[in-house]
Amino acid sequence: HRMVQDVEMGLAVEKGKTMWIAESAAPLPHSEGVVVVTRDISKRKQAEMALRESETRYRHLFTSINDAVMIVDAETTKILDTNDSVLAMYGFSREEMIGSYLIDRSAGPEKSWAAVTRLDSEDQIHIPVHYHKKKDGTIFPLEVSISRFRLEGRAVNSVVARDISSRIETEAELASYRAHLEEIVDQRTEQLQQA
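In short, a report on the structure. (Residues numbered from 1 in each chain as written. Predicted model: local features only at pLDDT ≥ 70, side-chain atom pairs only at ≥ 80, totals over all residues. Heavy atoms only, no water.)

Residues Leu28, Val35 and Val37 make up a contiguous nonpolar surface patch of roughly 200 Å² in combined accessible area. Counting through the fold element by element, Val35 comes out in strand β3 (residues 34-40). According to the relative accessible area criterion, Val35 is partly exposed, its value standing at 36%. (Patch = residues over 30% accessible without salt bridge, like charges linked within 9 Å, V, L, I, M, F, W, Y side chains within 5 Å. Areas by Shrake-Rupley, 256 points an atom, 1.4 Å probe, with all protein chains shown as cover. Salt bridge = Lys/Arg side-chain N within 4 Å of Asp/Glu carboxyl O. Helix = DSSP H or I, 4+ residues; strand = E, 2+ residues; numbered from the N terminus. Buried < 20%, exposed > 50% of the residue type's maximum accessible area, 1.4 Å probe, protein only.)

Here it is as structure tokens:
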């Protein structure tokens, strides 16, 4: 039984550089000799290391950002990956979120489908206010940015969401205060006109 054996190894060369090589060895037919083929795979190894470094940087950025970030299948809205901010915002575990559908988190599914459809003709969209549901049923406002890209051969959406509940509350308080001030001014103006 004749076997080919492949071995990858790093080989130190002059001036402190490392050259990666791959060797394939196979026995010669009708002989006790062996054929050894050596290939320089340094470029492939450098590309693999660069890819690993890039993936590490991406993962660090993805996990450390404060906004909720989800990678979602563009066609189905199936959630493929999330950062921890998503879990804290919605109250679901990672197991519950991954594989569920973003459209099911929306308090306005029609608006969500409209946004997904817009992405068919635009590279990126921004939704200033959109409402979603937490695990406990609480409806809350989000500011959402969605962009499309290709990942492993399929179209996916990067969804970045920010809970704007406190901003909406502050805006409502300011509007109420403004209305109260306008009422006081109107009353005072009326009093002055009657005097």
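A cluster of acidic side chains, namely Glu182, Glu183, Asp186 and Glu190, defines a negative patch on the protein surface. Checked against the element boundaries, Glu190 lands in helix α6 (residues 165-194). (Lys, Arg positive; Asp, Glu negative; His and termini not counted. Charge placed at Lys NZ, Arg CZ, Asp CG, Glu CD.)

For helix α5 (residues 109-118), every residue scored as buried is listed here: Ser112, Ala115 and Val116. Taken end-on, α5 shows its buried residues confined to a sector of 100°, consistent with a single buried face. The inward-facing, buried residues of α5 abut α4 (102-105), β6 (124-133) and β7 (139-151). (Arc of directions from axis to C-beta. Contact = heavy atoms within 4.5 Å.)

A word on the nonpolar core. If you look at the biggest cluster of nonpolar residues, it comprises 21 residues, and the most contacted ones within it are Met70, Tyr90, Met97, Leu142, Val144, Ile146 and Val159. At the level of elements, β4 (68-73), α2 (84-90), β6, β7 and β8 (154-163) are the ones that each hand at least two residues to this core. Not counting residues within four places of it along the chain, the set of residues in contact with Tyr90 comprises Met70, Met97, Arg105, His132, Lys133, Lys134, Lys135, Phe140 and Leu142. (Core = buried A, V, L, I, M, F, W, Y, C linked by side-chain atoms within 4.5 Å.)

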